[in-house]
Amino acid sequence: MSRPIRALIHADALRHNYGVAKALAPQSRVFAVVKADAYGHGLLRAAAAFGDVDGYAILEIDGARRLREAGYNQPILLLEGAFSVAELQLASELGLWLAVHDDASLARLEGIVLPRPVGVFVKLNTGMNRLGFPAEAAAAVVERLRGNANVASITLMTHFATADEPARGIAAQLSRFDAATAMLSLPTTVANSAALVDYPAARRDWVRPGIMLYGSSPFAHKSAAELGLVPAMTLQSAIIGVQRLLAGDTVGYGATFTADRAMTIGIVACGYADGYPRHAGTGTPVLVNGVRTRLVGRVSMDMLAVDLSDLPGAGVDSAVELWGRQLSIDDVATAAGTIGYELMCAIAPRVPVLAV
Ligand SMILES: *Cc1c(COP(=O)(O)O)cnc(C)c1O
């Protein structure tokens, strides 16, 4: 028998969640955001599962090329644009759309004759202060693009910092965006998953959901299940060893967990080299035979320990779910001090993946 860890990718969930996004914004076109290997789900596997989407948004031009080579002819937006002249040339050959976010990326578009014009998304900074022209420069940037034969179309874009926090919301950024762009009469796109779900005003010509497509909630205060989303990844393994502890015995590296009574623990074939977070501490939820129990002690490279004291039927070969259909990735992420995004993106290459 091989090492029992595997990641299951649920095609039905990916398709369902894309449908949830579509239903929220029936007047918009919906990019499936598939950067970072479709948030760890596998780019082509996810694309096949999503079915007929309006478009894809991705960061890595190599992924865009793989989508084209696999026959996907929908719009593909490069979220951070081309990083060089060579990438710009390739983007044009592949018929990609691309973000332009600063003077250098704008100048690259002006200093070249592309094989075919590209759709351009002008990224405007409305308060995130990461990438983007100051929103107030929108009219001047558009003016330059309108005179450029390499430009097939222009869309205006921004990204929100606090769409997932109702107390802070998107109002300030959205009004800065609208004030700077309203008179330009161009298509716009502003919404990530959180903004798409919570703010009807953010459902513009295009919306850009990522995390919700994978069945994880963009919010700390609202679960994926409450949003009607279905987990698209199950990380499962099995118990490969059992230890009986006496009060005072410790578990694992650093001996950070001490039994306060006689206990049974199970050793699971899953560690940080599989992508499980090392900073998940004692108490992080784990399912054994479908029953919720807790991780104990430090996660090591290839193994972690779980409390089987109240699971008399559990032992070697018992099924373990680290996260997935029955145990929300968001619950595990919260216990580990992170977010579902990071966990799903971190699944390691050594974990066999099964499309189901
Ligand atoms: C990643 C990304 C998204 C998707 O964000 P989610 O929070 O995963 O929905 C949308 N827009 C841009 C520009 C992004 O980089």
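In what follows, the structure referred to is the one given above.
So, here is what we can say about the structure in this document. (Residues numbered from 1 in each chain as written. Predicted model: local features only at pLDDT ≥ 70, side-chain atom pairs only at ≥ 80, totals over all residues. Heavy atoms only, no water.)

**Let's talk about the site of the ligand**
Where we set the bar: Proximity criterion: a residue is near a molecule or strand once any of its heavy atoms comes within 4 Å of it. Here a polar contact is recorded for every N or O atom pair within 3.5 Å, except that within protein the pair must consist of a potential hydrogen donor and a potential acceptor, and residues adjacent in sequence are included only if both atoms are side-chain atoms. Using the Shrake-Rupley algorithm and a 1.4 Å probe, accessible areas are obtained, with residue cover drawn only from the displayed protein chains. Just so you know the grouping, Ala, Val, Leu, Ile, Met, Phe, Trp, Tyr, Cys and Pro go in nonpolar, Asp, Glu, Lys and Arg go in charged, and all remaining residues, Gly too, go in polar.
Around the ligand sit 14 residues in total, of which Lys 35, Tyr 39, Ser 193, Ile 211 and Tyr 341 are the nearest. Within the contact set of the ligand, a nitrogen atom lies 2.9 Å away from a side-chain nitrogen or oxygen of Arg 208. Contact with the protein chains removes 93% of the 390 Å² of surface that the ligand exposes when unbound. Of the residues assigned to the shell around the ligand, the class counts are seven nonpolar, four polar and three charged.

**Some points on the side chain of Asp 307**
To be explicit about the condition: For helices the rule is a DSSP run of H or I covering at least 4 residues; for strands it is a run of E covering at least 2, with both sets numbered from the N terminus onward. Partly exposed residues are those whose accessible area sits between 20% and 50% of the maximum for their type, while under 20% is buried and over 50% is exposed, using a 1.4 Å probe and protein chains only. What makes two residues a contact is simply this: any of their non-hydrogen atoms within 4.5 Å.
Position of Asp 307 among the secondary structure elements: in strand β17 (residues 304–307). Judged by relative accessible area, which is 5%, Asp 307 ranks as buried. Side-chain polar atoms of Asp 307 contact the side chain of Ser 309, separated by 2.7 Å. Filtering out sequence-adjacent residues up to four positions away, Asp 307 remains in contact with Arg 261, Met 263, Thr 264, Ile 265, Thr 293, Arg 294 and Val 296.

**Focus: the nonpolar core**
Cut-off, in case you're wondering: Joining through side-chain atoms within 4.5 Å is the link that ties buried Ala, Val, Leu, Ile, Met, Phe, Trp, Tyr and Cys residues into a set, and such a set is a nonpolar core.
Formed by 116 residues in total, the largest nonpolar core has its most connected members in Val 34, Phe 50, Tyr 276 and Trp 323. Aside from chain neighbours lying at most four places away, what touches Trp 323 is Met 233, Thr 234, Leu 235, Gly 275, Tyr 276, Pro 277, Ser 328, Ile 329, Val 332, Leu 343 and Ile 347. With nine residues, the next largest nonpolar core counts Leu 245, Val 251, Phe 257 and Ala 305 among its residues.

**Side note on unusual backbone geometry**
Within the chain, Ala 36 stands out as a residue other than glycine whose phi angle is a positive 50°. Although it is not a glycine, Asp 37 sits at a positive phi angle of roughly 55°. Within the fold, Asp 37 resides in helix α2 (residues 35–39). The class of Asp 37 is partly exposed, set by a relative accessible area of 37%.

**A look at the packing of aromatic side chains**
The geometry of an aromatic ring pair is captured by the separation of the ring centres together with the interplanar angle, meaning the angle of the planes. Going by this rule: Aromatic pairing here means that ring centres of Phe, Tyr or Trp (its six-membered ring) are within 6.5 Å. Orientation follows from the plane angle: under 30 degrees is stacked, over 60 is edge-to-face, and everything else is tilted. The criterion for a charge sitting over a ring is simple: Lys NZ or Arg CZ within 6 Å of the ring centre, and within 35 degrees of the ring normal.
Summed over all chains, the structure comprises 11 aromatic pairs. Ring plane angle 20° and centroid distance 4.7 Å describe the contact between Tyr 39 and Tyr 214, whose orientation is recorded as stacked. Here Tyr 39, found in helix α2, pairs with Tyr 214, found in the loop between β10 (206–207) and β11 (233–245); they are 175 residues apart in sequence, far enough to count as distant. Judged by relative accessible area, which is 1%, Tyr 214 ranks as buried. Centroid distance Trp 97 to Phe 121: 5.5 Å. Interplanar angle 25°. Geometry classified as stacked. Separated by 24 residues along the polypeptide, Trp 97 in strand β5 (residues 97–100) and Phe 121 in strand β6 (residues 118–125) bring together distant segments of the chain. A single burial state applies to Trp 97 and to Phe 121, both of which are buried. Geometry around Phe 219 places Lys 222 over its ring, the cationic atom sitting 4.8 Å from the centre.

**Details of helix α7 (residues 138–146)**
Condition: Regarding the arc, it is the one traced by the directions from the helix axis to the C-beta atoms.
Those residues of α7 not exposed but buried are Ala 138, Val 141, Val 142 and Leu 145. The buried residues of α7 all sit within an arc of 100° when viewed along its axis, so they share a single face. Buried residues belonging to α7 abut α6 (103–110), β6, β7 (133–134), β8 (151–157) and α8 (171–181).

**Details of helix α3 (residues 43–50)**
Listed as buried for α3 are Leu 43, Ala 46, Ala 47, Ala 49 and Phe 50. Burial along α3 is one-sided: seen end-on, the buried residues are contained in an arc of 165°. Packed against the buried residues of α3 are α1 (11–24), β2 (29–33), α2, β3 (55–58) and α4 (61–69). Remark: Gly 51 follows α3 within two positions and exhibits a positive phi of approximately 80°.

**Side note on the environment of Glu 87**
Mapped onto the elements, Glu 87 comes out in helix α5 (residues 85–94). In sequence terms Glu 87 and Thr 155 are 68 residues apart; their C-alpha atoms lie 20 Å from each other. Discounting chain neighbours no more than four positions away, the residues touching Glu 87 are Ile 61, Gly 81 and Ala 82.

**Re the pattern of salt bridges**
Pairing between side chains of opposite charge can happen when their charged atoms approach one another. Inclusion rule: Each salt bridge in this description consists of a side-chain nitrogen of Lys or Arg and a carboxyl oxygen of Asp or Glu lying within 4 Å of one another.
All told, the structure shown has 19 salt bridges when counted by the stated rule. Across the pair Asp 37 and Arg 66 runs a salt bridge whose closest N-O atoms are separated by 3.9 Å. Of this pair, Asp 37 sits in helix α2 while Arg 66 sits in helix α4, placing them 29 residues apart in sequence. Owing to a relative accessible area of 31%, Arg 66 belongs among the partly exposed residues under this scheme. Arg 168 is the salt-bridge partner of Glu 165, the closest N and O atoms lying 3.0 Å from each other. Assessed through its relative accessible area of 30%, Glu 165 is described here as partly exposed. The network of salt bridges with shared partners includes Asp 37, Asp 62, Arg 65, Arg 66 and Glu 69.

**Observations regarding the environment of Glu 143**
Of note, Glu 143 is situated in helix α7. Sequence spacing of Glu 143 and Leu 184 is 41 residues, and the spatial spacing of their C-alpha atoms is 9.8 Å.

**Some details on the pairing of strand β18 (residues 319–323)**
Worth spelling out the cut-off: Here the rule is simple: two strands pair whenever DSSP picks up at least two bridges between them.
Burial within β18 is extensive, with four of its five residues counted as buried. Both β11 and β18 contribute to a ladder of four bridges, which runs antiparallel. Looking across to β18, one finds that Ala 238 is bridged to Ala 319.

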